[in-house]
Amino acid sequence: MERKVISFEEALLSLDHQKLKALIEQSSQTETNIHVVENLIVPALERIGNGWEQGDIALSQVYMSSRICEELVDDMLPVQSPERKNQPKMAITSLEDYHLMGKRIVYSVLRSSGFELQDYGRTTVDTLVNKAIDDKLQILLISTLMLHSALRVKEVNHQFLQKQVNIKIVVGGAPFLFDHNLWREVGADALGKSASASVGLISTIMGELSS
Amino acid sequence: MSQQSMSSLNRVLTTLSHKEPDRVPFFLLVTMHGAKALGLSIKDYFSSAKNVVEGQIRMQKKFRHDCIYTFFYAPIEIEAWGGEVIYSDNGPPNSGTPFIQSFDDIKTLHPPDVRKAPCLQKVLNATHMLKGKIGDEAPIIGVVMSPFSLPVMQMGFDRYFLLMHEHPDLFDQLMKINQEFCVNWANAQLDAGATAICYFDPVSSSTITTRKLYLNTGYQIACATLPRINGPTATHMASGRCIPILDDIAKTGTGLVGVSSLEPLEKIKSICKGKLTVVGNLNGIEMRRWDTTDAEIAVKATIQSAAPGGGFILSDNHGEIPWEITDDVLLAISHAVHQWGTYPILHM
Ligand code: B12
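Residues numbered from 1 in each chain as written. Chains lettered and ligands numbered in written order. Predicted model: local features only at pLDDT ≥ 70, side-chain atom pairs only at ≥ 80, totals over all residues. Heavy atoms only, no water.

Draft legend 1. Layout of helix 3 (residues 33–54) of chain A. Residues and elements named next belong to chain A. Over its 22 residues, helix 3 extends 30 Å from the first C-alpha to the last, a length consistent with the 32 Å expected when each residue adds 1.5 Å. Of all the bends in helix 3, the greatest reaches close to 30° and is centred on I41; the proline P43 follows between one and four positions later. Here helix 3 has its buried residues at I34, V36, V37, L40, I41, V42, A44, L45, I48, G49, G51 and W52. Tucked inside the fold, the buried residues of helix 3 contact helix 1 (2–13), helix 2 (17–28), helix 4 (59–76), helix 5 (101–112), helix 9 (174–178) and helix 11 (197–210). Where helix 3 terminates, the next one or two residues include G55, which has phi positive at roughly 90°. (Helix = DSSP H or I, 4+ residues; strand = E, 2+ residues; numbered from the N terminus. Expected span 1.5 Å × (residues − 1). Bend = angle between axes of the 7 residues up to and from the residue. Buried < 20%, exposed > 50% of the residue type's maximum accessible area, 1.4 Å probe, protein only. Contact = heavy atoms within 4.5 Å.)

Encoded structure:
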């Protein structure tokens, strides 16, 4: 499998759509679609995410590959498909920030991994808190690029505590990569250092929520 | 030389020739702090050249650093193209809705006249007034966005990546248009009195682009743009990583490189030795949690890693001190550079 994952990763990085389709078709002959997603696509995206964290892979490649995978998985697991993991209830937003790239990539990576989630777009603290509570979210993913936006996660957490709702906050984005304590300081439950890290984090939180 | 006797400009010129001046040159790249000093909102502060002149002069007196920085904010260039700028009370202005909404827009795009755009005029006026006050005492650093990095604000990151990968002809066209603007904008600042131009190019950084892509894009663009700028340039990665492309950056015709705190400074310095002056690399984001002792420790470590032999300017790693950083911490940084940065550097 490892060899196949590496071939898939290479095809993604070189934007070789034909090879990607061929590799998926090959795997689909012996595996169900959800298994192809879990065993081929997710590990390849994880490798790409790790490569970006190490400085070996460019953001443009992270972005292009996440978009391609999102499309491939949309064909394999349509939104209504029972195989889509639509638990837990989650949403992603860019908080008080005009930079949407980080959010876009995380959204694509999670959907490429078979998760369904809402995209709240850009939000302010108050609209976000109300929406998250109305939607009965279990996990809220927040992406920020500006430091002053990152600091506003504090207010979201504060309001959740005040309103006594248990919504787990997962944060990510450049400021959190420069200050490793920032995620704790703003009261987040977890930090994703790359977009693909979100997949493992969601799985861990799901485990905690169900135990 | 144990006494700190040189002018800021001579100190910088000496380090640029890869020799040791009297002390490590220190660029405290403060922008929004001028608004704090003058008791103005960030928006009001940047609304007039006079404020920025007053702010820069006051800050240089207070923090005793070796340059004047005429950078207002990156999206001021977007304003010149007719784009939107969004101000905040406690952070840097950001660009709003991108003005290139479809790839076809590029076909009819023209760069603005840098001498007519009122927002750029403000920067030129500030530069001119600062030159009148500072003369040759300290370098005045002007700023441009590279033709390769500007499109993120012109069209949004996602659309820009698609342009790069799927529409090479239009990409080339946009680069030509941006290059005209960048060269004119840089030269207008030099004419107004700037000593050198800081060429911000973080999209070329290895955080965003691989070396392979850089060599086909950002590198070529820098090689074509920088020689047309009529003065010395520093290439700044705005805290993006750059170790894989340092040797290439050295070949673009730039004299300095602004580097990230995410990479080991000693390694950077050894690669750049004799080729590029290293500018950096205090972590501005982490700085928010520093106390004065942390500041001193960070400055000492930075000096120890990169100052010996010259070819080094101590600064933050992004090219802008975040709004949240207190004056106490900035004073502690300054104090530590003055105390520990005297050449020859002693083992601390
Ligand atoms: C390239 C760059 C630029 C470019 C393009 C910026 C842009 N996107 O619009 C240009 C030159 C235009 C620029 C300008 C400015 N920049 Co700039 N820039 C950068 C740089 C190098 C990369 C930013 C970037 O876009 N990365 C791409 C995104 C997608 O990466 P990311 O946020 O890290 O996201 C990844 C992961 O973190 C993760 N992730 C993200 N969100 C989430 C969420 C979850 C839940 C999870 C799990 C994961 C996750 O997934 C992503 C992919 O793996 C950073 C420094 C750095 N080393 O990162 C500074 C940086 C973002 N810039 C910064 C600033 C301040 C500015 C300016 C405001 C400066 C000014 N005064 O004008 C301007 C304004 C720009 C604007 N748009 O208005 C600061 C922001 C922090 C602060 N100090 O407030 C940074 C962090 C530099 C620093 N060290 O201080 N910049």
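Draft legend 2. View of the pairing of strand 4 (residues 168–172) of chain A. Residues and elements named next belong to chain A. The buried count for strand 4 comes to five of five residues, which makes it a mostly enclosed element. Judged by which residues are buried, strand 4 turns out to be covered on both faces: K168, V170 and G172 on one side and I169 and V171 on the other are all buried. Inspection of the sheet shows strand 3 (residues 139–143) paired to strand 4 by five bridges, in the parallel sense. Counterpart to L141 in the pairing with strand 4 is V170. Two elements, strand 4 and strand 5 (residues 190–191), share two bridges in a ladder whose sense is parallel. When the bridges of strand 5 are listed, V171 appears paired with L191. (Pairing = 2+ DSSP bridges.)

Draft legend 3. Representation of the interface of chain B and chain A. The partner chain A presents 26 residues to the 32 residues of chain B that form the contact. Here chain B and chain A share an interface that buries about 2400 Å² over both sides, 64% of which is from carbon and sulfur atoms. Counting every contact that joins chain B to chain A gives two salt bridges. The partner of B:R288 in a salt bridge is A:E185, with the nearest N and O atoms 2.6 Å apart. (Buried area = accessible area lost by both parts, 1.4 Å probe. Salt bridge = Lys/Arg side-chain N within 4 Å of Asp/Glu carboxyl O.)

Draft legend 4. Expanded view of the site of the ligand. By nearness alone, 43 residues border the ligand, and A:H99, A:S143, A:L147, B:A74 and B:S95 come closest of all. In this structure the ligand sits where residues from chains A and B come together. The backbone of A:A195 places a nitrogen or oxygen atom 3.3 Å from an oxygen atom of the ligand. Contact between the ligand and B:S95: an oxygen atom at 2.7 Å from a main-chain N or O atom of the residue. Looking at side-chain class alone, the shell around the ligand contains 28 nonpolar, 13 polar and two charged residues. (Near = heavy atom within 4 Å. Polar contact = N/O pair within 3.5 Å; in protein donor to acceptor, adjacent residues only side chain to side chain. Nonpolar A, V, L, I, M, F, W, Y, C, P; charged D, E, K, R; others polar.)

Draft legend 5. Structural view of the packing of aromatic side chains. Per the stated rule, a full pass over the model turns up 14 aromatic pairs over all chains. For the ring pair B:Y214 and B:Y219, a centre distance of 5.8 Å and an interplane angle of 65° mean the geometry is edge-to-face. Among the residues examined, B:Y219 registers a relative accessible area of 16% and is labelled buried. Members of the aromatic cluster, connected to one another through ring pairs, are B:Y45, B:F46, B:F72, B:Y73 and B:Y87. Directly above the ring of A:Y120 sits A:K131, whose terminal nitrogen or CZ lies 4.7 Å from the centroid. The lysine or arginine in question, B:K300, covers the ring of B:W340, its NZ or CZ lying 4.1 Å from the ring centre. (Phe/Tyr/Trp six-rings, centres within 6.5 Å; stacked < 30°, edge-to-face > 60°. Lys NZ or Arg CZ within 6 Å of the ring centre and 35° of its normal.)

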